[in-house]
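# Breakdown of the fold
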Amino acid sequence: MSVTEVFLLLGGVGLFLYGMTIMSSGLRDACGDNLQTILEHATKNKFVAVLVGLGMTTLIQSSSATDVMVIGFVNSGMMNLSQAIGVIMGANIGTTITAQITAFNLSAVTPLLLFLGAAMFLFVKKRFWKHIGSIILGFGMLFQGIAIMKEAIAPLSESPVFVEFLSALHNPALAFLFGIAFTALLQSSSSATVIFQAFAIQGLLSYDMAVYLIIGAAIGSVTPNLLASLTTNRNGKRSAIMNLLFNVIRAGIIIVLINVFPGVLTWIQSLSPNDIGRQIANTHTIFAIIAVVIEIFFTKQIIALSYRIIPLKPEETKKQEDRSLVYMTDITRVPTILMLRQAQLEIARMGRIAADNLQESIDCFFHYDADQAEEIRERGDTVAILDQAITERMIALRRFDLSKNHMKRISMMTIATTDIERLSDHAINITEYSEQLQSKKTSLSEAAISELREMTSNTMEAVRLALDIFASEDYAQIDRLEELESQVDDMQKMLIDSHVDRLMRSECNPMSGVIFSDIVTDLERCSDHAINIAYALKERDNQYFTT
């Protein structure tokens, strides 16, 4: 094989991979946020989750992209491992569609695809049609890359060195390992399978050898997901491990199947006689479907195995407990008054988690710690998850035959959850202020810190007092709460005025001064939310509803 042919092969591979990227990006952009919305709301029914993963990956032509999104949702707590494994399984079927597409010989229309795609992408102004143009352009690049690869590898059939190398792969174990390594290098089972197709079409690979390469490719395809999980929490890592486990078990199942029942391969070949490219594509798809059909009934065991590989830590157990409903576990078999009381206690529990997060963020502001900042964000996710779960249960309560007063009480409690969730948002804001101080390598003056300590103390006392009042509906301390809220309001104005004076005397850094003003505003709003929470269940003429 000459240097020119090597360059031609590399160019074909590069064009194919870039075409895949362009096509996938165009599909994702054309669909907008709908892809993530579908994934985020993947049902707990694992069979439907498989269909979601299949559909998503068929759309974007990248199981890695789907799996990375899944890892992100698991990492943020918006998807649990039971939902994730179903989507991962579906993605493993969806990724085989690429090989099915490339099995068609579209070399005659490839130039037209390139022209149409480029014209739409470059000259059409509407964003949606530009994305469609990039999809068509990606398809054209993909098929042109395949055509170049086929042209480049044709002379290899006459190369003794390459023929000898492929002969060594007649050992199934070596072919299997090569499939893993080659796909891990490309980070795409679709790309690896298409290249195997190209070699087979040129007569350089036998079908039997391609089978083991495909089996290995499924394992090698997990590489980008494992890399993506390195920066995630432990649940995010478990979702990547589940993908690896699924494909390792899949390889074991298929190897046993084709050795015990060799007629399976003969049957697959008979579906497309004299078309080895289509045979390889069909093998890739059928193996994935077989694996999902078998393994879907063992998802609990796969999840349990992922926990064995990455064991639960005590803090994870607490986080799982915090994110699970404690009181509103069964709203269908209890009297109405008890349902409402359970909702009240659940909201109060959510409030205490938000209050703890607010206190942690204040501590982090005065004494910054990166690990603590990450914990604050995770606790913020916990509050958001509880808010969604409680809101869903509150909506479910409305379906019961409730009195007008009970319905009003549900509405008032729902509003309280919004105020509590906003407390957690302010905690995240305060954490970001501390990070800004660190990144800008600046700090507040001693006078500013002293003023903030007093204001944060009053704010936290108001928040905790408000939650106690909400949970007990004992309004004996309501005057004290209003006094605290009034003090925080007065302090906001006083601290801003003091800050301006320090700026005028050049005693304060302008950048840190902006952060000082922002945190003062956040604290004042927290006290307003505290008033809303305390009065949420109390009838009165004038209610605040701070947003």
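You'll find the structure just up there.
Residues numbered from 1 in each chain as written. Predicted model: local features only at pLDDT ≥ 70, side-chain atom pairs only at ≥ 80, totals over all residues. Heavy atoms only, no water.

### Comments concerning the overall build of the chain
The number of helices and strands found in the chain is 24 helices and zero strands. Within the span of the chain, comprising 547 residues, buried residues form 50% of the whole. Taking as baseline every contact in the chain between residues at least 6 positions apart, the subset at least 24 positions apart corresponds to 78%. Summed over its atoms, the accessible surface of the chain is roughly 25,200 Å², and 59% of this surface lies on carbon and sulfur atoms. (Helix = DSSP H or I, 4+ residues; strand = E, 2+ residues; numbered from the N terminus. Buried < 20%, exposed > 50% of the residue type's maximum accessible area, 1.4 Å probe, protein only. Contact = heavy atoms within 4.5 Å. Areas by Shrake-Rupley, 256 points an atom, 1.4 Å probe, with all protein chains shown as cover.)

### As for the nonpolar core
Counting residues in each nonpolar core, the largest one holds 63 residues, and the members touching the most others are Phe365, Met394, Leu452, Phe470 and Leu481. Residue contributions to this core peak at 13 residues, all from helix α19 (residues 336-366). If we ignore the near neighbours within four places in the chain, the residues touching Phe470 are Gln344, Ile347, Ala348, Met413, Ala416, Ile533, Ala536 and Leu537. One finds Leu9, Ile195, Ala200 and Ile215 within the second-largest nonpolar core, a separate group that totals 31 residues. (Core = buried A, V, L, I, M, F, W, Y, C linked by side-chain atoms within 4.5 Å.)

### Section: unusual backbone geometry
The residue Asn274 is not glycine, and still its phi comes out positive at about 65°. Looking at the secondary structure, you find Asn274 in the loop between α15 (263-271) and α16 (276-295). A relative accessible area of 84% places Asn274 in the exposed class. The residue Glu473 is not glycine, and still its phi comes out positive at about 55°. Within the element layout of this structure, Glu473 appears in the loop between α22 (446-472) and α23 (478-504). Assessed through its relative accessible area of 28%, Glu473 is described here as partly exposed.

### Digging into the packing of helix α5 (residues 81-94) against helix α17 (residues 299-309)
Between α5 and α17, the shortest axis-to-axis distance is 10 Å and the interhelical angle comes to 110°. As judged from the angle between their axes, α5 and α17 are roughly perpendicular. Note that α5 runs across α17; the crossing there is right-handed. The segment α5 lies against α17, with Leu81, Ser82, Ile85 and Met89 engaging Thr299, Ile302, Ile303, Ser306 and Tyr307. The residue makeup of the contact of α5 with α17, split by class, is six nonpolar, three polar and no charged. (Axes fitted to C-alpha atoms, helices over the stretch in contact; angles between N-to-C directions. Parallel < 35°, antiparallel > 145°, perpendicular 65-115°, else oblique. Left-handed = near helix turned anticlockwise from the far one by under 90°. Nonpolar A, V, L, I, M, F, W, Y, C, P; charged D, E, K, R; others polar.)

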